[in-house]
Amino acid sequence: MFEAYAQEQLMKKSQKDYLRKLKLSSGIDFSSNDYLGFARSEDLISDFKVKVQSLTQMGSTGSRLLSGNQEYHQETEARVARIFRSEKALIFSSGYLLNIGLIQCIADESCVLLLDELCHNSFIAGAKASKAKSFYFKHNDMNHLRERLIRHSNEKCFILVESLYSMDGDIAPLRDIVQLAEEFNAEVLVDEAHAIGVIGENGLGLVTSLGLEDKILGRVITFGKALGVEGAAILGSETLTKYLINFCQTFIYTTALSHPLLLMLNSSLDKFSRSRKEIQRLHENIALFSKNSGFKYASPIIPWMTETREKAIGLSELVNNNGFSVFPIFSPTVQKGKERIRIVVHSHNTESEILRLTTLMKS
Ligand SMILES: Cc1ncc(COP(=O)(O)O)c(C=O)c1O
């Protein structure tokens, strides 16, 4: 019965030309989230090959609340908290699981979740799973957020934002958001997945670069983007992490991160602490891209708007046929009419690659 249902659904998608397919990516990387080149860093790969010799365990063997909690996890969490200037850190297997579990358990039916309309699907999925009521406010629109807070001023509100938006590449007005939160006694949760390694001199993200650590209930950082590995952590108070250990289902009911992954993460954190040059290089490349494309971009994520799906597909094919790797992004990942090619500039893109791509975009 499922077979027939699934075939029908797939057929409908296919007729609308909306069928998703797995593709192998090749060509010069202008699409991955490997902002600082860590995922393919020869140093990190060699370091891993050496350290892996002394590995004494593969899998963690269980949930963090059962056999899966080992010293290595706790040491890594303490290190992450220190680096990102947080009282505590709690590691999750992925940012997606973290966000769903966090949002699901943070608020009860008496609360209200206020999400920026461009929040990542994982925050939205968490809001859907939560008993709290949820409402969107217009992207980065502080007047609209204020209206929402006024309307729900008798309820406990949680404001959910990204610091660097994953598809539009723009930055949240976090100081204003925090000010509004203080005025209305609301809490703020910030997803810094794309800001780590990108914002701030040391790449510690927007919250730290603005000195707002103590004003934010929780910061989400992920390890699969600039840090080049996988997994994620919530940064926050001891009370928050204790609460999650007790109530967050996506923390409780899953196998803890494996030792090879922790090893890779620790090597990546070593490199991260001395990555100023790569961060500087990334910003030089963003400036070069901006200058030669004629647009002012604030981040490595460049939404090349095409408005239609067909145009996004056609243009991405043209760009990729010239030796690059870019991907078209469609609705429902972005709103209909806001289809685009998501270009990502990295620290390791060369000047000539950037010039070739911007010239092609203009032609
Ligand atoms: C803003 C944002 N948050 C969370 C996630 C999920 O993180 P992960 O890839 O670790 O599951 C992503 C992934 O793309 C993201 O872009």
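What you see is a predicted model; the values in this text were computed from it and never measured.

1. Description of the domain arrangement of the chain
By a widespread convention, an interface's size corresponds to the accessible area lost as its parts come together.
For step 1, the next point in the chain: One can read the domain layout of the chain as domain 1 (25–42 + 275–362) and domain 2 (55–273).
For step 2, the next point in the chain: Using only C-alpha atoms to locate each centre, domain 1 and domain 2 end up separated by 26 Å.
For step 3, the next point in the chain: Each partner contributes residues to the interface: domain 1 has 24 residues there, and domain 2 has 24 residues.
For step 4, the next point in the chain: In total, about 1900 Å² of surface goes out of reach between domain 1 and domain 2, with carbon and sulfur atoms giving 56% of it.
For step 5, the next point in the chain: Taken together, the connections running from domain 1 to domain 2 amount to three salt bridges.
For step 6, the next point in the chain: One salt bridge in this structure joins Arg 340 and Asp 168, with 2.6 Å as the shortest N-O distance.
For step 7, the next point in the chain: For the pair domain 1 and domain 2, the number of links is eleven residue pairs in polar contact (both at pLDDT 80 or more).
For step 8, the next point in the chain: Secondary structure elements with two or more residues in the side of domain 1 that touches domain 2: helix 12 (276–293), strand 9 (301–307) and strand 12 (339–344).
For step 9, the next point in the chain: Tallying contributions element by element places helix 12 first for the side of domain 1 that touches domain 2, with five residues.
For step 10, the next point in the chain: Residue composition of the side of domain 1 that touches domain 2, grouped by class: twelve nonpolar, seven polar and five charged.

Definitions and cut-offs
Residues numbered from 1 in each chain as written. Predicted model: local features only at pLDDT ≥ 70, side-chain atom pairs only at ≥ 80, totals over all residues. Heavy atoms only, no water. Domains from an automatic or database assignment. Contact = heavy atoms within 4.5 Å. Buried area = accessible area lost by both parts, 1.4 Å probe. Salt bridge = Lys/Arg side-chain N within 4 Å of Asp/Glu carboxyl O. Polar contact = N/O pair within 3.5 Å; in protein donor to acceptor, adjacent residues only side chain to side chain. Helix = DSSP H or I, 4+ residues; strand = E, 2+ residues; numbered from the N terminus. Nonpolar A, V, L, I, M, F, W, Y, C, P; charged D, E, K, R; others polar.

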